[in-house]
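# Overview (structure and organization)
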Amino acid sequence: MNQHHNMPALGMGTFRLEGETATRSVEMALETGFRHIDTAQVYGNEAEVGEAIENSGVPRDDLFVTTKVWTDKFNRDQFLPSVHESLEKLRLDKVDLLLIHWPSPKNGESMQEYLGELLKAQQQGLTKHIGVSNFTIANLREAMDILPKEAIYTNQVEVHPYLTNDTLRVFCAEQGIHVTGYMPFAVGKVLEDETINKIADKHGVFANQVVLAWAMAHGMATIPSSTNRRHLQSNFEATTVRLDEEDISAIDKLDRGDRQANPDFAPDWDE
């Protein structure tokens, strides 16, 4: 796991953030202290994220920026041009991490083709690291047969107390693939959970901080999103929260397979 020392465990997600809201939210996140920003081509906000990064004055070397290639750009003709376009919008000469957004090519390209292009992006210096998102164990096995050993930096998947994704996470750990969890609050559902709120009261912290601390205690990165400065600050302070084994075990037991992101093109998820 040494290769992940420069990816902050806590990041700022930008899914569903648009226009001036996206710019301001990322600016506030950077002012708060976040140094890991996650975006994607399909979010339609790479230009706003780039503007916020430029406005922030934070040194580039202090930032970890992730973007993801969308499923309609998986062919040899469009993949690398789409990455160049992303970099232009982000106002960066390279990203820290470039991901395949879903293992679901819109036009039926083979994994060999799109992972080959992903590797080229890294070889051409367009990204420091490469990885995948929403890949199942079967997808990962196929990818590991195609890419060089240890090339997959992370698998970004939905993980929160109501969807702990244990089988996949165990497999990733066995293979040395870092897990980045998205939608950590399950669209706010877990913040109302009685067990989580009891643990929050016990430690004198907030429910959101307990959830993020739980994810980080499991060695995952996590990328909550917020447009509110107070919430951003609260999320950021989760890095100081230390849960005990009893807390972590109690949260682990909340799993109920409650998946939030399940489009019609999703893979056959691991149970």
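The preceding data block contains the structure.
Criteria and thresholds
- Residues numbered from 1 in each chain as written.
- Predicted model: local features only at pLDDT ≥ 70, side-chain atom pairs only at ≥ 80, totals over all residues.
- Heavy atoms only, no water.
- Helix = DSSP H or I, 4+ residues; strand = E, 2+ residues; numbered from the N terminus.
- Rg over C-alpha atoms; globule rule 2.2 N^0.38 Å.
- Buried < 20%, exposed > 50% of the residue type's maximum accessible area, 1.4 Å probe, protein only.
- Contact = heavy atoms within 4.5 Å.
- Areas by Shrake-Rupley, 256 points an atom, 1.4 Å probe, with all protein chains shown as cover.
- Lys, Arg positive; Asp, Glu negative; His and termini not counted.
- Charge placed at Lys NZ, Arg CZ, Asp CG, Glu CD.
- Pairing = 2+ DSSP bridges.
- Right-handed = clockwise from strand over helix to strand, strands pointing away.
- Axes fitted to C-alpha atoms, helices over the stretch in contact; angles between N-to-C directions.
- Parallel < 35°, antiparallel > 145°, perpendicular 65-115°, else oblique.
- Left-handed = near helix turned anticlockwise from the far one by under 90°.
- Nonpolar A, V, L, I, M, F, W, Y, C, P; charged D, E, K, R; others polar.
- Phe/Tyr/Trp six-rings, centres within 6.5 Å; stacked < 30°, edge-to-face > 60°.

### Things to note about the overall build of the protein
Looking only at helices and strands, the protein features 10 helices and eight strands. Here the protein has a C-alpha radius of gyration of 18 Å; the compact-globule value for 271 residues is 18 Å, and the two agree. Counting only C-alpha atoms, the protein reaches 55 × 40 × 35 Å along its principal axes. Classification of the 271 residues of the protein by burial places 56% in the buried group. For the protein, restricting intrachain contacts to residue pairs at least 6 apart in sequence, the fraction spanning at least 24 positions comes to 76%. Accessible surface, the protein as shown: approximately 12100 Å² in total, 46% of it carbon and sulfur. One finds the centroid of the 25 positive side-chain charges in the protein at a distance of 2 Å from the centroid of its 42 negative side-chain charges.

### Considering the pairing of strand E4 (residues 95-100)
With six of six residues buried, E4 is to be regarded as a mostly interior element. Note that strand E3 (residues 64-69) and E4 share four bridges and pair parallel. Within E4, the residue paired with Thr66 across the bridge is Leu97. Handedness of the crossover is the feature at issue here: the chain leaves E3, passes through helix H3 (residues 79-90), returns alongside E4, and the resulting connection is right-handed. In this sheet, strand E5 (residues 127-133) lies alongside E4 in parallel orientation, the contact comprising five bridges.

### Notes on the packing of helix H1 (residues 19-32) against helix H9 (residues 229-236)
To characterise two packed helices, one gives the angle between the axes of the helices and the distance between these axes. Close contact between H1 and H9 brings their axes to 10 Å; oriented N to C, the two are set at 40 degrees. In this view, H1 runs oblique relative to H9, as classed from their interaxial angle. Every pair of crossing elements has a handedness; the one defined by H1 and H9 is right-handed. Only Arg229, Leu232, Gln233 and Phe236 of H9 make contact with H1, whose side of the interface consists of Arg24, Ser25, Met28, Ala29, Glu31 and Thr32. When the residues that make up the contact of H1 with H9 are grouped by side-chain class, the tally is four nonpolar, three polar and three charged.

### What about unusual backbone geometry?
The phi dihedral of Arg16 is positive, around 75 degrees, even though this residue is not glycine. Here Arg16 is to be found in the loop between strand E1 (12-13) and H1. Although it is not a glycine, Asn134 adopts a positive phi angle of roughly 65 degrees. Topologically, Asn134 is positioned in the loop between E5 and helix H5 (137-146).

### Description of the packing of aromatic side chains
For the structure on display, the rule yields seven aromatic pairs. Between Trp70 and Phe265 the ring centres are 5.9 Å apart and the planes differ by 80 degrees, which places this aromatic pair in the edge-to-face class. With Trp70 in the loop between E3 and H3 and Phe265 in the segment after helix H10 (245-252), this residue pair connects regions lying 195 residues apart in the sequence. Overall, Trp70 belongs to the buried group, its relative accessible area being 19%. Note on Phe265: relative accessible area 33%, which makes it partly exposed. Arranged with centres 4.5 Å apart and planes meeting at 35 degrees, the rings of Phe74 and Tyr114 form a pair that is tilted. Remark: Tyr114 occurs in helix H4 (residues 111-123) and Phe74 occurs in the loop between E3 and H3; sequence separation between them is 40 residues.

### Comments concerning the sheet that holds strand E8 (residues 221-222)
One open sheet holds the eight strands; their spatial order is E1-E2-E3-E4-E5-E6-E7-E8, and the pairing between them is parallel. Of all the strands in the sheet, just E1 and E8 have a single pairing partner and so form its edges. Here strand E6 (residues 152-158) pairs with strand E7 (residues 178-182) via five bridges, running parallel. In the sheet register, Asn155 faces E7, and the bridge partner there is Val179. Contacts from H4 reach E4 and E5, with the element oriented near 155 degrees to E5.

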